[in-house]
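Analysis of the macromolecular model
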Amino acid sequence: MQKTTQQIIVGLGERSYAIDIGAGLLARTPLFNVLPHQILIITNTVVGPLYLDQVRAQLASHHVVVHTIDDGESAKSLANYGAIMDTLIQYNFNRDCAVVALGGGVVGDLAGFVAATYQRGVRFYQIPTTLLAQVDSSVGGKTAINHPGGKNMVGAFYQPQGVLIDTNCLASLNDRDYACGLAEVVKYGVIADAEFFAWLEAHVNQLNARDSGALTYAIQRSCEIKADIVAADEREQSVRALLNLGHTFGHAIEAAHYDTWKHGEAVAAGTVIAAKLMHQLGELSAADMARIEALLQAFQLPVRAPKMPLAQWQAFMQRDKKVQDGTVRLVLPTAIGAASLRPMADWQVIGQAITAMSTTND
């Protein structure tokens with residue numbers, strides 16, 4: 001484990017960018033190598049009071065405008081997108097400006113879509129402040145806003161020009177939001193790195209205690225795996241789909257229980273359903289399934305989905321962006337460290353796994 005600042009490069013040719021990881025990076029001058037004079041910072045009502053002054057101090061020589069949105073998934077809306085566009089136009093931002101996202105996944109997704117579409121694209125930088133955003137949504141260029149008909153239905157692939165991950169920001173997270181990020185960390189071990197999964201098992205106590213060294217390594221390895229996958233398949237035509245382990249089931253849980261389930265919690269329960277499905281098919285050992293479930297539990301994450309009628313599961317899952325010709329394609333673990341994307345048309349078999357891994361407690 002390294003406790004010093006780490007840098008990972010997302011290799012996309014001329015659009016390659018660096019992810020810097022370490023403690024205290026918000027105090028670094030400059031925050032990024034090259035920033036234009038005009039900067040719009042998008043943050044929310046929770047993160048802004050914690051970190052905005054520190055970021056603005058590093059940008060004192062720039063013309064900075066701040067647009068603050070409410071906290072929560074509902075803020076990733078068409079209305080907020082329009083309001084931010086109004087701000088950019090009101091302050092005469094030109095094409096040589098930059099949008100900086102300061103916050104979690106909602107802020108990053110919204111800010112990225114703004115950057116992708118304002119005057120056909122302006123520079124975009126990420127300062128993710130939640131663990132979930134640091135290891136997942138801030139890296140890879142997926143940007144989106146929600147539509148009443150579904151989550152992330154309006155969006156674009158648009159890469160940032162830099163990502164700054166200050167692990168000190170995680171001290172301000174509540175336990176539930178912190179655990180949500182660990183669900184995505186576990187995902188990387190399940191789909192791509194058995195050695196990393198075993199390392200997570202061995203460092204549960206340190207990660208639950210938010211040990212700086214353990215956190216830096218967990219974030220670093222997660223970002224390395226994602227960077228490699230994005231470099232190989234930027235627009236999710238093949239291997240990048242594996243990053244959605246647990247998400248098809250998880251999005252159904254979120255859609256039905258948006259007011260009580262968080263994204264990372266839904267992904268954790270969805271990952272266990274995916275493991276159960278593969279165990280039923282004889283392609284995942286009982287031992288590996290038990291290890292996946294135990295590690296998620298050790299990180300204080302739910303491993304049972306809420307009870308819902310199978311028809312409701314099916315309706316939500318059919319909206320998934322991986323559906324092809326009406327057939328759901330699921331990311332399923334074949335072993336710890338390996339997964340595959342499978343078309344699944346047998347809803348009786350899918351339903352058996354869902355039922356087995358569900359509870360009557362919502």
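Below or above, wherever it landed, is the structure these notes cover. These figures come from a predicted structure and were not determined experimentally.

1. Some details on the nonpolar core
In this structure, Ile 19, Phe 249, Trp 313 and Met 317 are the most contacted members of the largest nonpolar core, which totals 78 residues. What Phe 249 contacts, discounting residues up to four positions off in sequence, is Gly 270, Ile 273, Ala 274, Leu 277, Trp 313, Met 317, Leu 330, Ile 350 and Ile 354. Formed by 24 residues, the second largest nonpolar core is a distinct cluster that contains Ile 69, Leu 88, Phe 93 and Val 122.

2. Some thoughts on the packing of helix 10 (residues 263-280) against helix 11 (residues 286-298)
In contact at an axis separation of 10 Å, helix 10 and helix 11 are set at 175° when each is read in the N-to-C sense. Comparing their axes, helix 11 and helix 10 come out roughly antiparallel. In this structure, helix 10 contributes Ala 268, Thr 271, Val 272, Ala 275, Lys 276 and His 279 to the contact, and helix 11 contributes Ala 286, Met 289, Ile 292, Glu 293 and Leu 296. Taken together, the residues of the contact of helix 10 with helix 11 sort by class into seven nonpolar, two polar and two charged.

3. What to know about helix 5 (residues 175-192)
With 18 residues, helix 5 extends 26 Å between its outermost C-alpha atoms, agreeing within 8% with the 26 Å of an ideal straight helix rising 1.5 Å per residue. In terms of burial, helix 5 is largely enclosed, as 14 of its 18 residues are buried. The residue sitting at the N-terminus of helix 5 and contributing the capping side-chain oxygen is Asn 174; that oxygen lies 3.1 Å from the backbone nitrogen of Arg 176.

How each quantity is defined
The residue numbers shown here count from 1 along each chain, following its written sequence. In keeping with the predicted nature of the model, local features appear solely for residues at pLDDT of at least 70, side-chain atom pairs appear and are counted solely at 80 or more, and the whole-chain, interface and lining totals rest on all residues. Heavy atoms throughout the structure, all of them, feed into the side-chain values; hydrogens and water do not. In this text, buried Ala, Val, Leu, Ile, Met, Phe, Trp, Tyr and Cys residues form a nonpolar core when linked through side-chain atoms within 4.5 Å. Accessible area is worked out with a 1.4 Å probe on protein chains only. A residue is then buried under 20% of its type maximum, exposed over 50%, and partly exposed in between. By definition, residues are in contact when any of their heavy atoms lie within 4.5 Å. The axes are straight lines fitted to the C-alpha atoms, using for helices just the contacting stretch, and the angles between their N-to-C directions are given from 0 to 180°. Elements are defined by DSSP. Helices are runs of H or I of four residues or more, strands are runs of E of two residues or more, and each kind is numbered from the N terminus. Orientation is classified from the angle alone, with under 35 degrees giving roughly parallel, over 145 giving roughly antiparallel, 65 to 115 giving roughly perpendicular, and any other angle giving oblique. In this count, Pro and Cys sit with the nonpolar residues alongside Ala, Val, Leu, Ile, Met, Phe, Trp and Tyr, while Asp, Glu, Lys and Arg are called charged and the others, Gly among them, polar. For a helix, the expected span equals 1.5 Å multiplied by the residue count minus one. Within 3.5 Å is the distance limit for a polar contact, defined as a pair of N or O atoms, with the added protein rule that one can donate a hydrogen and the other accept it, and that residues adjacent in sequence qualify only through two side-chain atoms.

Remember, this is a structural readout, not a statement about activity or role.
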